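Below are the chains, spelled out letter by letter.
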Amino acid sequence: MNSNKMSKKLLVYGVLLFGGTLQGLSMSLFLFPHSIPSGGAAGLAILLNHWFHLSLGFSLWLANIVFLLFALKHFGYTWTLRTIISVATTSTTVSFITAHVPHLHFHLLVDIGAGSLLFGVGVGLLIRAGASSGGMVIPALMIASYKKWSPGKVMMGINLIIFLLTALVIDYKIVIFAVICQFLSTNIIDFIYELRFQKLLFLTANWRRR
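Residues numbered from 1 in each chain as written. Predicted model: local features only at pLDDT ≥ 70, side-chain atom pairs only at ≥ 80, totals over all residues. Heavy atoms only, no water.

Draft legend 1. Spotlight on the confidence of the model for the chain. Here the chain averages 81 in pLDDT, and 91% of its residues register 70 or above. Looking across the chain, the model is least confident in helix α7 (residues 151–169), with a mean pLDDT of 76, and most confident in helix α5 (residues 108–128), with 91. (pLDDT = per-residue confidence, 0-100. Helix = DSSP H or I, 4+ residues; strand = E, 2+ residues; numbered from the N terminus.)

Below, the structure written as structure tokens:
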């Protein structure tokens, strides 16, 4: 492997770590303190935490296992490995932040806005780096690859079901906040998905079925 390919590969994995960290920060600092799920897997993590008192980081891992098995068959080993790295980074970030960093609450709408921004940028970068954030993003990308739809809009539709379940168990207001979060973050995801990096064109959205 020549130095140019190695540099590109290192940068791709650097983007994975950065995107996963941003996603973890959005959940642990801004969304989870209000029990607002950033997506389907996060919603399942909140439910597992609520029902079984499992840690949010571990719950996030558990919610991703089944989808990762589907991803292995559908997208291949490289994509799945990158997704595992991103999920591990996100879960580790959530576990560390929730255990060691107090929640500095400013205003609910400010937290939703900041959480949506960080989540959208993080997931958008993960998709561009040839991975995903795990969870419901995986079936969303499967559907998008067949139907040629934008990943963000498919994610929005799938996650609404999880949000409704979360609202029934915890608080009906969660649906409103979660939908606002999803609307903002999925539009950011689609923006980054369509964005053309002038010097980083190798960060293509290479998640189509192998």
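Draft legend 2. Unusual backbone geometry, seen in detail. A positive phi is found at His 53, a non-glycine position, where the angle reads about 60°. Relative to the helices and strands, His 53 resides in the loop between α2 (40–52) and α3 (56–75). You can call His 53 exposed: its relative accessible area is 68%. (Buried < 20%, exposed > 50% of the residue type's maximum accessible area, 1.4 Å probe, protein only.)

Draft legend 3. Just the packing of α7 against helix α8 (residues 173–194), in detail. Remark: α7 packs on α8, axes separated minimally by 9 Å, with the N-to-C direction vectors making an angle of 165°. With respect to α8, the axis of α7 lies roughly antiparallel. α8 is crossed by α7, and the crossing has right-handed handedness. Contacts between α7 and α8 involve Pro 151, Gly 152, Lys 153, Met 155, Met 156, Asn 159, Leu 160, Phe 163, Leu 164, Thr 166 and Ala 167 on the former and, on the latter, Ile 174, Val 175, Ala 178, Val 179, Gln 182, Phe 183, Thr 186, Asn 187, Ile 189, Asp 190 and Tyr 193. Partitioning the contact of α7 with α8 into residue classes produces 14 nonpolar, 6 polar and 2 charged. (Axes fitted to C-alpha atoms, helices over the stretch in contact; angles between N-to-C directions. Parallel < 35°, antiparallel > 145°, perpendicular 65-115°, else oblique. Left-handed = near helix turned anticlockwise from the far one by under 90°. Contact = heavy atoms within 4.5 Å. Nonpolar A, V, L, I, M, F, W, Y, C, P; charged D, E, K, R; others polar.)

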